[in-house]
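Each chain, letter by letter, is given below.
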Amino acid sequence: MASITASVYTSHVPAIGAALDLGKTHEPYWQKVFSGYDFSKQWLKANTPDVIFLVYNDHANAFSLEIIPTFAIGTAAEFTPADEGWGPRPVPKVIGHPELASHIAQSVIQDDFDLTIVNRMDVDHGLTVPLSLMCGKTEAWPCPVIPFAVNVVQYPVPSGQRCFRLGQAIRRAIESYDEPLKVQVWGTGGMSHQLQGPRAGLINREFDNAFLDRLIADPQGLSKMPHVDYVREAGSEGIELVMWLIARGAMADVAGGKPPKVVHRFYHVPASNTAVGHLILENPR
Ligand code: DHB
Ligand code: FE
């Protein structure tokens, strides 16, 4: 059967992608951001999974205000980097895993979560920047990736609790797939940031670090935090953090197993308008 070996959490700031694509990673401003991922790149090389299930949000590139799926699973064989206004990023196309993605769709929908099935979609910085941070510049991503898009842009957006429960359904789906695949679940977006209005530029280190502490040690309690707390404490775009609860809900301890091992933790302010947060949690073998 397939199994979940680890979960990875990271911000997706688009300027990080631009810094990498334009060769600015050694500038002092960016060096501090990328240094937090040196360990992660080595770790991913040593622990390359068969598939990455990547939870992210689309920023009105694949979808628009015409159609707003709350949860969308990419079942295609491949996904092209989106043109977000400056041409597509010069990064590899994403190879999907249609068989596992279809199985997860079947299992999770039968488990009472309504997913939108997407057979064609371009993937924006929400998906490509986490891959770039974890892999650096590369000719090909290290394994197939199943994109899983969550609406955190247009209200109503899903609650932390629903995301946490969905993660548990995703774990059940993956563990019932009849092939011994090693799967990582990534939760991306965040941390505190607000891009608009009078509070634009808001960053809240205390909230972010408490969020990381609780995500590790008390994800169930954290999942009960209401939207208004995210928006007040972490800014309007801080709501992207609910996606981290999907990945956390897929870890073994939530289903009665042993707690995950924290193999890496990083936090840095600022990168563009946001705080960069990053965690790697391994399930005990
Ligand atoms: C920024 C951050 C985001 O999460 C995003 O989607 C767009 C921009 C920023 O920091 O500028
Ligand atoms: Fe974003």
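What you see as residue numbers is a count from 1 along each chain, following the sequence as written. Ligands are numbered from 1 and chains lettered from A, in the order in which they are written. With the structure being a predicted model, the display of local features is reserved for residues of pLDDT at least 70 and the display and counting of side-chain atom pairs for 80 or more, all residues being used for whole-chain, interface and lining totals. The basis for every side-chain value is the complete set of non-hydrogen atoms in the structure, without hydrogens or water.

(A) Fine view of the site of ligand 1. The cutoff for a nearby residue is simple: one of its non-hydrogen atoms must lie within 4 Å of the molecule or strand. In the region of ligand 1, the neighbouring residues are H12, V13, P14, H59, H125, H193, L195, E240, S272, N273 and T274. E240 is positioned such that a nitrogen or oxygen atom in its side chain is 3.4 Å from an oxygen atom of ligand 1. Here an oxygen atom of ligand 1 and a side-chain polar atom of S272 are 2.8 Å apart. The Shrake-Rupley method, run with a 1.4 Å probe sphere, supplies the accessible areas, and residue values consider only the shown protein chains as cover. Coverage of ligand 1 by the protein amounts to 88% of the 290 Å² it exposes when considered alone. Residues are said to line a cavity or pocket when one of their atoms sits within 4 Å of a point; the points come from a 1 Å grid over protein atoms alone, cavities being sets where a 1.4 Å probe fits but cannot get out and pockets being open sets with protein on both sides within 12 Å along at least five of seven lines. Throughout, a molecule is located in a cavity or pocket provided that more than half of its atoms lie within 2 Å of its grid points. When each cavity is represented as a set of grid points, ligand 1 is found to reside in the largest pocket. When residues are sorted by character, Ala, Val, Leu, Ile, Met, Phe, Trp, Tyr, Cys and Pro go into the nonpolar class, Asp, Glu, Lys and Arg into the charged class, and all the rest, Gly among them, into the polar class. Partitioned by chemical class, the residues of the shell around ligand 1 number three nonpolar, seven polar and one charged. In protein, a polar contact means a hydrogen-donor-capable atom and an acceptor-capable atom, both N or O and within 3.5 Å, with residues adjacent in sequence counting only if both atoms are side-chain atoms; elsewhere, any N or O pair within 3.5 Å suffices.

(B) Expanded view of the nonpolar core. Of all hydrophobic cores here, the largest spans 56 residues; its most connected members are F53, F148 and F211. Ranked by residue count, the leading element in this core is helix 6 (residues 160–175), at seven residues. Residues count as neighbours in contact if any of their non-hydrogen atoms are within 4.5 Å of one another. Those residues within four positions of F148 in sequence are excluded, and the remaining contacts are F53, L54, V55, Y56, F71, A72, I73, L115, L166, I170 and I246. Within this scheme, the nonpolar core is defined by two criteria: the residues are buried Ala, Val, Leu, Ile, Met, Phe, Trp, Tyr or Cys, and they are joined through side-chain atoms within 4.5 Å. Classification of residues uses two cut-offs on accessible area relative to the type maximum, computed with a 1.4 Å probe and protein chains only: under 20% is buried, over 50% is exposed, and between them is partly exposed. If you look at the next biggest cluster of nonpolar residues, it comprises 40 residues, including L54, V123, V129 and C135. Helix and strand labels come from DSSP, where a helix needs a run of H or I of at least four residues and a strand needs a run of E of at least two; each type is numbered from the N terminus.

(C) Inspection of the coordination of the iron ion (ligand 2) at higher detail. Distances up to 2.8 Å from the metal define which N, O and S atoms are donors, and 3.2 Å serves for Na, K and Ca; water is absent from the atom set, so sites may look incomplete. Taken together, the protein donors to the iron ion (ligand 2) comprise H12 (NE2), H59 (NE2) and E240 (OE), at separations of 2.1 to 2.3 Å. Here the donor residues for the iron ion (ligand 2) map to a single chain with the spacing H-x46-H-x180-E. Placement of H12 in the loop between strand 1 (3–10) and helix 1 (14–21) and of E240 in the loop between helix 9 (227–234) and helix 10 (242–249) is noted, with a sequence separation of 228 residues between them. Taking relative accessible area as the criterion, H12 reaches 3% and is therefore assigned buried. Using a relative accessible area of 5% as the deciding quantity, one classes E240 as buried.

(D) How the structure looks around the packing of aromatic side chains. Only Phe, Tyr and Trp rings take part, Trp by its six-membered ring, and two of them pair if their centres are within 6.5 Å. Stacked means planes under 30 degrees apart, edge-to-face means over 60, and tilted covers everything else. What the rule picks out here adds up to 10 aromatic pairs. Pairwise contacts between aromatic rings join Y9, F207, F211, Y230 and W244 into one cluster.

(E) Inspection of the side chain of N204 at higher detail. Mapped onto the secondary structure, N204 falls in the loop between strand 8 (182–188) and helix 7 (205–217). A residue is classified by how much of its surface remains accessible, and N204, at 18% relative accessible area, is buried. Polar contacts involving the side chain of N204 include one to the main-chain amide nitrogen of F207, which spans 3.0 Å.

(F) Geometry of a negative patch on the surface. A grouping of D50, E99, D178 and E179 is seen on the molecular surface, where their side chains present a negatively charged patch. Mapping D50 onto the fold places it in the loop between helix 3 (38–46) and strand 2 (51–56). Under the relative-accessibility criterion, D50 is labelled partly exposed at 35%. In this scheme, patches are assembled from residues that exceed 30% relative accessible area and form no salt bridge. Like charges are connected within 9 Å, while nonpolar side chains (Val, Leu, Ile, Met, Phe, Trp, Tyr) are connected within 5 Å. By convention in these notes, a salt bridge is any Lys or Arg side-chain nitrogen within 4 Å of a carboxyl oxygen on Asp or Glu. Charge assignment: positive for Lys and Arg, negative for Asp and Glu; neither His nor the chain ends contribute. Each charge is placed at NZ for Lys, CZ for Arg, CG for Asp and CD for Glu.

Purely geometric numbers; function is a separate question.
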